[in-house]
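Fold and geometry: a report
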Amino acid sequence: MNQIVFIQLVNPFKDKVFRLAKRLLTSTEEAEDASQEILVKLWNKKETLDTYNNIEALAMTMTKNYCLDQLKSKRADNITLVHTNYKDREPQLDQKIEDSNSLEWVEKIMNQLPEQQQILIQLRDVEQYEFEEIAKIVNMNETAIRVALSRARKKIKESMLNTHQYGIR
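Because the structure is a prediction, the values reported are computed rather than measured. (Residues numbered from 1 in each chain as written. Predicted model: local features only at pLDDT ≥ 70, side-chain atom pairs only at ≥ 80, totals over all residues. Heavy atoms only, no water.)

**Re unusual backbone geometry**
Negative phi is the rule for most residues except glycine; trans is the rule for most peptide bonds. This is how the line gets drawn: The way it works is that DSSP assigns letters per residue, a run of H or I at least four long becomes a helix, a run of E at least two long becomes a strand, and they are numbered from the N terminus. Under the scheme applied here, a residue whose accessible area is under 20% of the maximum for its type counts as buried, over 50% as exposed, and between as partly exposed, the area being computed with a 1.4 Å probe on protein chains only.
Phi at T26 is positive, roughly 65°, even though this residue is not glycine. For T26, the location among the structural elements is in the loop between helix 2 (14-25) and helix 3 (28-44). Overall, T26 belongs to the buried group, its relative accessible area being 10%. With a phi close to 65°, Q128 is a non-glycine residue in the positive phi region. Residue classification places Q128 among the exposed residues on the basis of a relative accessible area of 56%.

**Structural notes on the environment of M140**
As a reminder, the rule being used: By definition, residues are in contact when any of their heavy atoms lie within 4.5 Å.
Assignment of secondary structure puts M140 in the loop between helix 7 (131-138) and helix 8 (142-164). Judged by relative accessible area, which is 18%, M140 ranks as buried. Here M140 is in contact with Q116, L120, A135 and I145, once residues within four sequence places are set aside.

**Let's talk about helix 6 (residues 115-126)**
Test applied: Helices are assigned an expected span. That span is 1.5 Å times one less than the residue count.
The first and last C-alpha atoms of helix 6 sit 15 Å apart over twelve residues, in line with the 16 Å expected at 1.5 Å per residue. Looking at helix 6, one finds that the buried residues are Q117, Q118, I119, L120, I121, Q122 and L123. One or two steps after helix 6, the chain reaches Q128, where phi turns positive at roughly 65°.

**A few points about the nonpolar core**
As a reminder, the rule being used: Buried Ala, Val, Leu, Ile, Met, Phe, Trp, Tyr and Cys residues that are joined via side-chain atoms within 4.5 Å together make up what is termed a nonpolar core.
By size, the foremost hydrophobic cluster in this structure holds 43 residues, and its most contacted members are L42, L120, L123, V138 and I145. Those elements giving two or more residues to this core turn out to be helix 1 (3-10), helix 2, helix 3, helix 4 (55-76), helix 5 (94-111), helix 6, helix 7 and helix 8. Broken down by element, this core gets its largest block of residues, ten residues, from helix 4. If sequence neighbours within four positions are ignored, L120 has contacts with D125, I134, V138, M140, I145, A148 and L149.

**Some points on the packing of aromatic side chains**
Worth spelling out the cut-off: Stacked, tilted and edge-to-face are the three classes assigned to paired rings of Phe, Tyr and Trp, where Trp is represented by its six-membered ring and a pair needs centres within 6.5 Å; plane angles under 30 degrees give stacked, over 60 edge-to-face, the rest tilted. A ring is considered to have a charge above it if a Lys NZ or an Arg CZ atom is located within 6 Å of its centre and within 35 degrees of its normal.
According to the stated counting rule, one finds one aromatic pair in the structure shown. Summarising the aromatic geometry, the rings of F6 and W43 are spaced 5.1 Å apart at their centres and angled 80° between planes, so their arrangement reads as edge-to-face. Placement of the pair is F6 in helix 1 and W43 in helix 3, with a sequence separation of 37 residues. For F6, a relative accessible area of 7% puts it in the buried group. Here W43 falls in the partly exposed class, since its relative accessible area comes to 30%. Over the face of the ring belonging to W43 we find K46, whose NZ or CZ atom lies 4.1 Å from the ring centre. It is R146 that lies over the ring of F131; its NZ or CZ is 3.8 Å from the centre.

Below, the structure is given as structure tokens:
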């Protein structure tokens, strides 16, 4: 496999790899490093990639595992993660401000969910993966995924209703 073929192979999902890494690591710089690391690992496996049924699922699984390993090593070293996702931007319209604030609250609430639920919300609701693909990535059965997603969404909804008095139904 040459470089051009490899780029064509990974280009459709490289942004998804970054977004999952960003969701787990919260730092843009760390997510970029993780994404590069995963692409290097895929490049090193380039001769055997054709043996995998779904290379995107492989990449997402590798990303999840790499990020979780990074978080575990940081926890072991007592390093505190600093979340840098909340940069105020200057929207031109009031609606944009409201939408932005709502998204920030949802993001904050999502970050309070257990790690597994965060991953599932990211894969299903943000990245739009099918349950079958998610099951392969996180090594869970589809029923357990549906239950965990339902619980995560319920926690988000309850928190939004209780804390911010939004009219979500």
